[in-house]
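Listed below, chain by chain, are the residues.
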Amino acid sequence: MMAFLAEAGAENPLIPETAELIVGLICFFIVFGVLGKKLLPNIQKTLEERHDAIEGGLERAAEAQAEATQILEQYRAQLAEARHEAARLRQEATEQGATIIQEMRAEGQRQREEIIAAGHAQIEADRKAVVTALRQDVGKLATELAGKLVGESLEDHARQSRTVDRFLDGLEESAAKAEATP
C-alpha cells in the first residue's frame with residue numbers, strides 16, 4: 001500500500017501541471033477581460049438605470065406627497081374660508097331677519113295708530129253729527145212743548161234757535177255739575 005501511495009504522490013491529480021496552469025490562467029484572463037469589457041458596462045448600466053428608477057420613483061413619490069400635502073392644506077384653507085363665509089352669511093341673515101321683524105312691528109304699530117286715530121276721528125265726527133241731529137230733534141220737541149205750554153207759536157226760527165240753545169246749554173251745565181260732584 002505504501003507503494004501505491006508513493007506512485008500516487010508522483011502524479012497528484014489535485015496539482016495541475018505548469019503548462020496547464022499557465023494556459024488556464026491566460027484563458028481565465030481573456031474571458032475575464034472580455035466579460036469586463038462587454039458585459040460589465042451593460043451590468044453597470046442596468047444597475048444605474050435601476051438605481052435611477054428607484055431614486056427617481058422615491059423623488060417622484062416625495063414630490064407627489066409634497067404636492068398632495070399642499071393641495072390638502074389649500075383644501076383645508078378653502079374649507080375654513082367657506083365655513084367662515086357661511087357663518088357670516090348666517091349672521092347677516094339673522095340680523096336682516098331681526099331688522100325686518102323690527103320694521104314690520106314698527107309698521108304694524110304705525111298702522112294700528114292710524115286705524116285708532118281714524119276710528120277716534122270717525123267716532124268724533126259721528127258724535128258731532130248725532131249731537132247736531134239730537135239738538136235739532138230736541139229743539140223741535142222743545143219748541144212744540146214750549147208752544148203748548150206758553151200757548152203761543154214759537155215758529156220764528158231765530159227765536160226757536162236761541163231758546164233751544166239756552167235749554168241745551170242749561171242741560172250741559174247741569175250734567176257738568178253732576179259729574180263734578182261725586
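Small disclaimer: the values here were computed from a predicted structure and weren't measured.

A. Inspection of a nonpolar patch on the surface at higher detail. Together, Val31, Leu35, Leu39, Leu40, Ile43 and Leu47 make up an exposed nonpolar region whose accessible area comes to about 520 Å². Turning to its location among the elements, valine 31 is positioned in helix α2 (residues 18–150).

B. Main features of a negative patch on the surface. A cluster of acidic residues, Glu48, Glu49, Asp52, Glu55, Glu59, Glu63 and Glu67, forms a negative patch at the surface. Residue placement: glutamate 55 occurs in helix α2. Of the residues examined, glutamate 55 reaches a relative accessible area of 35% and is grouped as partly exposed.

C. A look at the pattern of salt bridges. Using the criterion set out here, one finds 6 salt bridges in the structure. Notably, a salt bridge pairs glutamate 85 with arginine 88, separated by 2.2 Å at the nearest N-O pair. Placement of the pair is glutamate 85 and arginine 88 together in helix α2, with a separation of 3 residues, close to one helical turn. For glutamate 85, a relative accessible area of 33% translates into the label partly exposed. Taking the relative accessible area as the measure of exposure, arginine 88 reaches 33% and is therefore partly exposed. When the shortest N-O distance is used, the salt bridge between arginine 127 and glutamate 124 registers 2.8 Å. With a gap of 3 residues between them, arginine 127 and glutamate 124 both fall in helix α2, about one helical turn apart. What you see here is one network of salt bridges that share partners, running through Glu85, Arg88 and Glu92.

Rules used throughout
- Residues numbered from 1 in each chain as written.
- Predicted model: local features only at pLDDT ≥ 70, side-chain atom pairs only at ≥ 80, totals over all residues.
- Heavy atoms only, no water.
- Patch = residues over 30% accessible without salt bridge, like charges linked within 9 Å, V, L, I, M, F, W, Y side chains within 5 Å.
- Areas by Shrake-Rupley, 256 points an atom, 1.4 Å probe, with all protein chains shown as cover.
- Salt bridge = Lys/Arg side-chain N within 4 Å of Asp/Glu carboxyl O.
- Helix = DSSP H or I, 4+ residues; strand = E, 2+ residues; numbered from the N terminus.
- Lys, Arg positive; Asp, Glu negative; His and termini not counted.
- Charge placed at Lys NZ, Arg CZ, Asp CG, Glu CD.
- Buried < 20%, exposed > 50% of the residue type's maximum accessible area, 1.4 Å probe, protein only.

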